Amino acid sequence: MSPEYPDFPEAEFETRYARTRALMAEHGMDALFITEKLNYGYFSGHRSCQNPIDKIRSYMFILPKDDEPVLITMPFEVMQVEQTTYIKNIKTIGGLTGHPQFIIDTLKSMGLGKARIGAELGREQYLGTNFVAMNEIMAGLPGAEFVDAAPVILQVRVIKSPREIEYCRRAARITAQSEKEIFREVHAGMTENQIAVKLRTRLFEKGAEDLTLLCVVSGPSTGGICLLPTDRVVKKGETLGFDCGVTYRGYCCDMARTASVGEPSDELREFYAWMMRLRHDCNMMLRPGKSPRDLVEVVDRYLDERGLKTMGVGRVGHGVGFETTEYPSLAAFEDITFQKGMVFACNPNFANHLGFLNAEDNWAVTDDQPDLLTDPIAPMEIPVIEA
């Protein structure tokens, strides 16, 4: 029986599993053992609101190299799993204790007692179970070998399908439109928290399912920035910035905008316009065959011309998808080339006496020119809000 409310057609997961199994074969893995909440959602299709907040129960997904996937969840989640996923082999743990032994028995019953099992052990991976429990599982399977699955997980997730890209596009448009509208409705004298309430409300009114990030930043930023909104009062002559991430069908965006509170000074107007030229040239590097290093070289040339540097966070952008910030980083150390289906937020930004200056859109790599997922795009001239 087919699920009534899946986020994707079954063919999407069949393709996802086929790509995963091909990479598993390259790395000599017999199975993939997924425990972290976002990886669990990505591979299973089950987006649980309980999973992210519940640290005592087990939510796990197991993909054998040549058999049907198995999902481990709670009894009260079974209806949701059946309504939203294509997984038939669902196992449940009723109690709050004994989970490691249940998982050991499950892996043994799948013929994986002496298998080479890929787990979330490496780069940008986090286990969704605790250290003691993971050690208990490994000790209970002395004939099995647990190896790092990060190379498989990252490579599968980095290339998005057309439907994944459309979900990212929907999230980006919700956010871009909300940020633009709220700039028109706020003014000097409001606090960052008051502005955040307006922005948060508008995002949900326009269809955001969840917030992954909501920053409201005002005032000079010479000593760093306070991304979490506070009761600071926004003043005339300052900048006001938003940096937001929302989800649509589980897929994310990462969008930033900066405005001037009242008419900008000549210095602010010029610096913002310069930043936008830099940003444009960086975005146009998001093409097949180019690399993060190529993009960073564009940034470096601009910075050298003015004797400047960015905020020193180690990268000038990142991937976007099932997470607001995900692999890969737009940094010189990333040894990859851009491929069709990758999605990025490229945002070389600056914190100085003018404020926190950022303008971030999301783009998908295509066969040729990058596809702008954001509507409207960040304006080339700095927006002005009421003083």
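On a predicted model such as this, the values are computed, not experimentally measured, just so you know.

## With respect to the nonpolar core
Then step 1. With 80 residues, the main nonpolar core has Phe33, Phe146, Ile195, Leu240 and Phe242 as its most contacted residues.
Then step 2. No other element matches the 9 residues that helix H7 (residues 162-185) contributes to this core.
Then step 3. If we skip the residues at most four places from it in the chain, Ile195 touches Ile182, Val186, Met190, Val216, Val234, Leu240 and Phe242.
Then step 4. One finds Met285, Val299, Val316 and Ala378 within the second-largest nonpolar core, a separate group that totals 36 residues.

## With respect to the pattern of salt bridges
Then step 1. Considering all chains together, one arrives at 25 salt bridges under this definition.
Then step 2. The closest approach of N and O atoms between Asp7 and Arg47, which form a salt bridge, is 2.8 Å. Here Arg47 lies in the loop between helix H2 (37-44) and strand S2 (60-64) and Asp7 lies in the segment before helix H1 (10-26), a separation of 40 residues in the sequence.
Then step 3. With a shortest N-O distance of 3.0 Å, Glu185 and Arg202 are connected by a salt bridge. On the criterion of sequence distance, the pair formed by Glu185 in helix H7 and Arg202 in helix H8 (residues 192-205) is long-range, its members being 17 residues apart.
Then step 4. When salt bridges that share partners are traced, they join Glu181, Glu185, Arg202, Glu205 and Lys206 into one network.

## Looking at the environment of Val384
Then step 1. Here Val384 lies in strand S18 (residues 384-385).
Then step 2. In this structure the C-alpha to C-alpha distance between Val384 and Ala332, which are 52 residues apart in sequence, comes to 35 Å.
Then step 3. Excluding residues within four positions of it along the chain, Val384 makes contact with Ser260, Gly262, Glu263 and Pro264.

## Quick word on the sheet that holds strand S1 (residues 31-34)
Either a parallel or an antiparallel arrangement is found when strands of a sheet pair, and the pairing is made through backbone hydrogen bonds.
Then step 1. The 6 strands are arranged S4-S3-S2-S1-S5-S6 in an open sheet whose pairing can be described as mixed. If you trace the sheet from one side to the other, it starts and ends with strand S4 (89-92) and strand S6 (145-148), each paired once. Neighbour-to-neighbour, the strand axes of the sheet open up by a mean angle of 25 degrees, direction not taken into account.
Then step 2. Direction of pairing for S2 relative to strand S3 (residues 70-73): antiparallel, over a ladder of 3 bridges. In the sheet register, Ile62 faces S3, and the bridge partner there is Val70.

The rules behind each value
Residues numbered from 1 in each chain as written. Predicted model: local features only at pLDDT ≥ 70, side-chain atom pairs only at ≥ 80, totals over all residues. Heavy atoms only, no water. Core = buried A, V, L, I, M, F, W, Y, C linked by side-chain atoms within 4.5 Å. Buried < 20%, exposed > 50% of the residue type's maximum accessible area, 1.4 Å probe, protein only. Helix = DSSP H or I, 4+ residues; strand = E, 2+ residues; numbered from the N terminus. Contact = heavy atoms within 4.5 Å. Salt bridge = Lys/Arg side-chain N within 4 Å of Asp/Glu carboxyl O. Pairing = 2+ DSSP bridges. Axes fitted to C-alpha atoms, helices over the stretch in contact; angles between N-to-C directions.

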